[in-house]
Amino acid sequence: PPKITNPEEGEVTMRKLKSAALLCALSVPVAAQADCGEVSITEMNWASNTVVTNVATFIMEQGYGCDVTIVPSDTVPAVTSVAENGEPDIVTELWLNSAGEAYLRLEEQGKVERLGKVLDPGGVEGWWIPTYLAEKHPELKTIEGVMANPELVGGRFNNCPDGWGCRVVSD
């Protein structure tokens, strides 16, 4: 897909797909074709990404005549595929904290470009406890405090869904 620099944000956005770029954070391998033609785009296994992928797909197909193939994926497999094969062409809503150093190396090598932010200003990933519990037991405000006092949280830890990068980090 064609790319231009958006002077207002200092980031790369898709030419003619500016509205999609404002809604989507897309990571595009530099090898992507200059004309639209065939485009592969990821669809990750969480709700916000389904929206991002389908909006971008609709705009590319209906607005610019692209032949879009949606590739089911997840953070780690998508980054690995881009590193090894240069595909898919577009990776939507990539959580960089879960992609690790691999994404940063791809960026340094010029193999990917950041195009925008999907969840602006939000999208916080973390471990959460109820406010009342944190107020009653301030020692639970750190992971070390939770690990030292499992009885205070019922001995439970609700992790990220299987396949998510944060699941790998948390396990």
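Presented here is an overview of the structure given in this document. (Residues numbered from 1 in each chain as written. Predicted model: local features only at pLDDT ≥ 70, side-chain atom pairs only at ≥ 80, totals over all residues. Heavy atoms only, no water.)

## Overview of the overall build of the chain
Point 1. When helices and strands are counted, the chain shows eight helices and seven strands.
Point 2. By residue count, 37% of the 171 residues in the chain fall in the buried class.
Point 3. Considering only residue pairs separated by 6 or more positions, the chain has 64% of its internal contacts joining residues 24 or more positions apart.
Point 4. Accessible surface, the chain: about 10,000 Å² in total, of which carbon and sulfur atoms supply 54%. (Helix = DSSP H or I, 4+ residues; strand = E, 2+ residues; numbered from the N terminus. Buried < 20%, exposed > 50% of the residue type's maximum accessible area, 1.4 Å probe, protein only. Contact = heavy atoms within 4.5 Å. Areas by Shrake-Rupley, 256 points an atom, 1.4 Å probe, with all protein chains shown as cover.)

## Topic: unusual backbone geometry
Outside of glycine, negative phi angles account for most residues, and trans bonds account for most peptide bonds.
Point 1. Of note, the amide linkage connecting Glu87 to Pro88 takes the cis form, showing an omega dihedral of 5 degrees.
Point 2. Counting through the fold element by element, Pro88 comes out in the loop between α3 (75–85) and β6 (91–92).
Point 3. The phi dihedral of Glu93 falls on the positive side, at around 45 degrees, and the residue is not glycine.
Point 4. Here Glu93 shows up in the loop between β6 and α4 (96–99).
Point 5. Taking relative accessible area as the criterion, Glu93 reaches 3% and is therefore assigned buried.

## Here we look at the side chain of Asn149
Point 1. Within the secondary structure layout, Asn149 lies in the loop between α7 (143–148) and α8 (165–170).
Point 2. Exposure remark for Asn149: the relative accessible area of 18% places this residue in the buried category.
Point 3. Looking at Asn149, its side chain comes within polar contact range of the main-chain oxygen of Gly145, at 2.8 Å.
Point 4. Once residues lying within four places of it in the same chain are set aside, the contact partners of Asn149 are Glu139 and Leu140. (Polar contact = N/O pair within 3.5 Å; in protein donor to acceptor, adjacent residues only side chain to side chain.)

## A word on the state of the cysteines
Point 1. The tally for this structure, following the rule as stated, stands at one disulfide.
Point 2. Two residues share a disulfide in this structure: Cys36 and Cys66, whose sulfurs sit 1.5 Å from each other. Since a negative S-S torsion denotes a left-handed disulfide, the Cys36-Cys66 link at about 110 degrees is right-handed. Of this pair, Cys36 sits in the loop between β3 (26–29) and β4 (38–43) while Cys66 sits in the loop between α2 (47–64) and β5 (67–72), and the two are 30 residues apart along the sequence. Residue Cys36 shares its accessibility class with Cys66, and that shared class is buried. (Disulfide = S-S within 2.5 Å.)

## Quick look at the side chain of Thr75
Point 1. Take Thr75: it is sitting in helix α3.
Point 2. The class for Thr75 is buried, based on a relative accessible area of 2%.
Point 3. Discounting chain neighbours no more than four positions away, the residues touching Thr75 are Met44, Trp46, Leu94, Trp95, Ser98 and Ala99.

## What to know about the nonpolar core
Point 1. Of all hydrophobic cores here, the largest spans 11 residues; its members are Met44, Trp46, Ala78, Val79, Val82, Val91, Leu94, Ala99, Tyr103, Leu106 and Val112.
Point 2. Secondary-structure elements contributing two or more residues to this core are α3 and α5 (101–108).
Point 3. If you tally residues by element for this core, the top one is α3, at three residues.
Point 4. Counting eight residues, the second largest nonpolar core, distinct from the first, contains Ala56, Met60, Cys66 and Ile90. (Core = buried A, V, L, I, M, F, W, Y, C linked by side-chain atoms within 4.5 Å.)

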